[in-house]
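Listed below are the residues making up each chain.
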Amino acid sequence: MMLGNLGGVHLLVILGIVILLFGATKLPALAKGLGQSINIFKKEMSDDEKKAKADGTAPTGTVNNTVAEPAAPVAQPVVNPGPSVQPNADSRNYSQN
């Protein structure tokens, strides 16, 4: 997890914000619901792995160790800006009437 960058002070501030948002009386119910959700998730994952082992198939979500073929190079569009004309002080066309 990415909790390695959080210090004790950061966690206390987050806990304070959670208490302000939900109130101290609802925190035990929230923690219980979170714990139950995590347990259900773990149970479903282990059931999926057991089912996959019984079927002889790889469990879903595993990484296949094959190397992908490199993609074909993408052709870049050719941009033709037209002739490059830069004004020159000597090439001005002055009408002398």
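Note that the structure is a prediction, hence the values are computed from the model and not measured. (Residues numbered from 1 in each chain as written. Predicted model: local features only at pLDDT ≥ 70, side-chain atom pairs only at ≥ 80, totals over all residues. Heavy atoms only, no water.)

1. Thoughts on the overall build of the chain
- Regarding its fold elements, the chain presents 2 helices and 0 strands.
- When the accessible surface of the chain is split by element, carbon and sulfur atoms take 62% of a total near 9,700 Å². (Helix = DSSP H or I, 4+ residues; strand = E, 2+ residues; numbered from the N terminus. Areas by Shrake-Rupley, 256 points an atom, 1.4 Å probe, with all protein chains shown as cover.)

2. Describing the pattern of salt bridges
- In this structure the tally under the stated criterion is 1 salt bridge.
- The salt bridge partner of lysine 43 is aspartate 47, with a shortest N-O separation of 3.6 Å. Taken together, the residues span about one helical turn, with lysine 43 and aspartate 47 both in helix H2 (residues 27-55) at a distance of 4 residues.
- Aspartate 47 gets classed as partly exposed once you look at its relative accessible area, which sits at 32%. (Salt bridge = Lys/Arg side-chain N within 4 Å of Asp/Glu carboxyl O. Buried < 20%, exposed > 50% of the residue type's maximum accessible area, 1.4 Å probe, protein only.)

3. Observations concerning a nonpolar patch on the surface
- Where nonpolar side chains cluster on the molecular surface, the patch consists of Val9, Val13, Ile17, Leu21, Phe22 and Leu30 and spans about 590 Å² of accessible area.
- The biggest single contributor to the nonpolar patch is helix H1 (residues 8-22), with 5 residues.
- Here leucine 21 lies in helix H1. (Patch = residues over 30% accessible without salt bridge, like charges linked within 9 Å, V, L, I, M, F, W, Y side chains within 5 Å.)

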